[in-house]
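Below, each chain spelled out in residue letters.
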Protein chains: 2
Amino acid sequence: MTEGRRERADAARNRHAILLATEELLARHRPEQISMEQVAAAAGVGKGTVFHRFGNRMGLMRALMAERALALHEAVTTGPPPLGPGAPSRERLLAFLDAVVDVVARNKGLLAALGHAVTTAHKPEEDPRSAHPVYQFWHDHITSLISQERSDLDAELLAHILLATLHSDPILRLLEQGDGQRLADSLRTLVTALLNASAGRTEPRNSRHPNAPQR
Amino acid sequence: MTEGRRERADAARNRHAILLATEELLARHRPEQISMEQVAAAAGVGKGTVFHRFGNRMGLMRALMAERALALHEAVTTGPPPLGPGAPSRERLLAFLDAVVDVVARNKGLLAALGHAVTTAHKPEEDPRSAHPVYQFWHDHITSLISQERSDLDAELLAHILLATLHSDPILRLLEQGDGQRLADSLRTLVTALLNASAGRTEPRNSRHPNAPQR
DNA sequence: ACCGTACTGGACCGTCGGTCCAGTTGTCCA
DNA sequence: TGGACAACTGGACCGACGGTCCAGTACGGT
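Residues numbered from 1 in each chain as written. Chains lettered and ligands numbered in written order. Predicted model: local features only at pLDDT ≥ 70, side-chain atom pairs only at ≥ 80, totals over all residues. Heavy atoms only, no water.

**Here's the deal with the protein's contact with DNA strand C**
Around DNA strand C, the structure places 23 residues, and the nearest of them are M36(A), K47(A), R57(A), R8(B) and N14(B). Close to the protein, within 4 Å, the atoms of DNA strand C are drawn from sugar and phosphate at a rate of 65%. Between a phosphate oxygen of DNA strand C and a side-chain N or O atom of R57(A), the distance comes to 2.8 Å. In this structure, a phosphate oxygen belonging to DNA strand C sits 3.4 Å away from a main-chain N or O atom of G46(B). Here the surface near DNA strand C takes five residues from helix α3 (residues 47-54) of chain B, the largest share from any one element. (Near = heavy atom within 4 Å. Polar contact = N/O pair within 3.5 Å; in protein donor to acceptor, adjacent residues only side chain to side chain. Helix = DSSP H or I, 4+ residues; strand = E, 2+ residues; numbered from the N terminus.)

**A short note on the packing of helix α5 (residues 89-106) of chain A against helix α10 (residues 180-196) of chain A**
Residue and element names in this part refer to chain A. Remark: α5 packs on α10, axes separated minimally by 10 Å, with the N-to-C direction vectors making an angle of 155°. Considered as vectors, α5 and α10 are oriented roughly antiparallel to each other. Note that α5 runs across α10; the crossing there is right-handed. For the pair α5 and α10, the contacting residues are R90, L93, L94, L97, D98 and V101 in the first and G180, L183, A184, L187, R188, V191, T192, L195 and N196 in the second. Among the residues making up the contact of α5 with α10, the classes are represented as nine nonpolar, three polar and three charged. (Axes fitted to C-alpha atoms, helices over the stretch in contact; angles between N-to-C directions. Parallel < 35°, antiparallel > 145°, perpendicular 65-115°, else oblique. Left-handed = near helix turned anticlockwise from the far one by under 90°. Contact = heavy atoms within 4.5 Å. Nonpolar A, V, L, I, M, F, W, Y, C, P; charged D, E, K, R; others polar.)

**Things to note about the pattern of salt bridges**
Under the defined criterion, the tally for this structure stands at 18 salt bridges over all chains. Residue R90(A) is joined to E149(A) by a salt bridge in which the shortest nitrogen-to-oxygen separation is 3.9 Å. Residue R90(A) is found in helix α5, and its partner E149(A) is found in helix α7 (residues 133-149); the two are separated by 59 residues along the sequence. Among the charged side chains, a network of salt bridges with common partners joins D154(A), D179(B) and R182(B). (Salt bridge = Lys/Arg side-chain N within 4 Å of Asp/Glu carboxyl O.)

**A word on the protein's contact with DNA strand D**
The local shell around DNA strand D holds 24 residues, among which R8(A), N14(A), A9(B), K47(B) and R57(B) are the closest. When the atoms of DNA strand D within 4 Å of the protein are grouped by moiety, sugar and phosphate amount to 65% of the total. Within the backbone of G46(A), one N or O atom sits 3.4 Å away from a phosphate oxygen of DNA strand D. One of the backbone nitrogen or oxygen atoms of G48(A) is found 3.4 Å away from a base oxygen of DNA strand D. When residues of the surface near DNA strand D are traced back to their parent elements, those giving at least two are α1 (9-28) and α3 (47-54) of chain A together with α1 (9-28) and α3 of chain B. Counting residues per element, the surface near DNA strand D draws most heavily on α3(A), which supplies five residues. Here the residues of the surface near DNA strand D are counted per class, giving six nonpolar, eight polar and ten charged.

Everything listed here is a matter of coordinates, which is why it stays silent on function.
Here it is in structure tokens:
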């Protein structure tokens, strides 16, 4: 981050102001209709400053998201069980999903703002590999917990499925109406059922569309 | 559709050309970077025509999606089991999910193009109620099948969760690489586990985690 | 054949993401 | 303390895009 120099005081102040302004706008307006100019104006800085600090719209959203997710990140890596290390994987997983729903519920618009772009670099093939760090972390964590508990499952894919929930508009809508608990409950049900399922129980690869690629 | 007059021949021709051009562009380029002008040019019509027929970007995507989903719609409502009526709900559900994955896999970019907007009217509070008809239908169908099999579950929410899968960028990426079978398998596993789970097994509404990180 | 109208298409508009660069200001070092 | 230098600032500017408008076109009914 800070290579060599420290961050200049005014820069830090403006950076904070921009993030704050974005937060407020996000809380009040639909995320896809807040413009960078609006953000700049609301923060009381020039547009150039915003772009200088955050590169582009996505960068701004990423930074904001990263900040919001920080507490959770710490709770998971160094906090007490069941979120932190120490509890059995199953408990950690359930606790983590609860916590993630919580974060998302408190940041309704933000996830939507990131949108699909969360994991995508959209410019002329930048590096299609790198996902949003927050997503990356969440996904890795869930993957690891699932596979610890059930090594026979496709943990990685299932983690994507679970997280996909949080990008869904109808579900975001529910969250807006305060139905976070309902979502958390269903997620618990789902995961519990998954972890309890007997291993060979699901019918294996049936022959799909003939020209569907294998793997 | 055709109230009173028939659709003019040239209009039909152009409409088809536009849809076709959109398809091709969608297949070649990232969906968020194809512009309406491009579509118009590729279809060999003026921009006005495109807007006249489809209203706006979303309308175009909707129309295309509706067309793509038509076959599935018919298979479900009037086709033979297990997709159509007649088979037990569980079989129908599994078959339907397979089929949906198939449709999505064959239309990679399209879902992403619709994006979150699938269910949202974005203009100044138009009618936040109405979802994309295709989504609506898929959701209703899944909800109904789940609740027939397991009336104790929150079928509606679970249906949203299952469908959310298809809007996820990482998963769309997998689909692009031909991993449709892998996704279908995991979905089957998930649903089977869910339907098999013993009723009271999942811990009921615990009072969210006390040490969930704040803010 | 001819009339009314639905359809057409390109000029046009306002907005927005992003760039640029000249001026400013914080920080380091002597 | 002061000077030099780079980092930061911010607003003018640009190209692109979604969407509107409307004069002209040509389809289809009669």
